[in-house]
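Chain and residue survey
This is what each chain is made of:
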Amino acid sequence: MWRIPLPGAARSDLGLVRRGDELVLTVGRFRHIAPLPSALRRCTVSGAALRGGVLSVRFTPDPGLWPRTP
């Protein structure tokens, strides 16, 4: 789970796209490109919710991208 504070943001103004190793967040006419931490690069975005001015983005590990342990 990655939590991003967005005080005053409305759900109807939000856009969220995963582009390679980045998360592209659009709020109204503003855009922010956030590089994903290495652990989250090996995950897929499985959902997002805006509550109380905080955007929570859920990630699910992609088994094909994690090293196998013996």
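Below: a short report on this structure. Small disclaimer: the values here were computed from a predicted structure and weren't measured.

1. What about the sheet that holds strand β2 (residues 14-19)?
- Strand order across the open sheet formed by three strands is β2-β3-β4, with antiparallel pairing between neighbours. Strands at the two margins of the open sheet, each flanked by one partner only, are β2 and β4 (30-35). For this sheet, the mean angle separating the axes of adjacent strands, direction not counted, is 15°.
- Bridge analysis of β2 against strand β3 (residues 22-27) gives six bridges, and the strand direction is antiparallel. Bridged to L14 within β3 is V27.

Basis of the calculations
- Residues numbered from 1 in each chain as written.
- Predicted model: local features only at pLDDT ≥ 70, side-chain atom pairs only at ≥ 80, totals over all residues.
- Heavy atoms only, no water.
- Pairing = 2+ DSSP bridges.
- Helix = DSSP H or I, 4+ residues; strand = E, 2+ residues; numbered from the N terminus.
- Axes fitted to C-alpha atoms, helices over the stretch in contact; angles between N-to-C directions.

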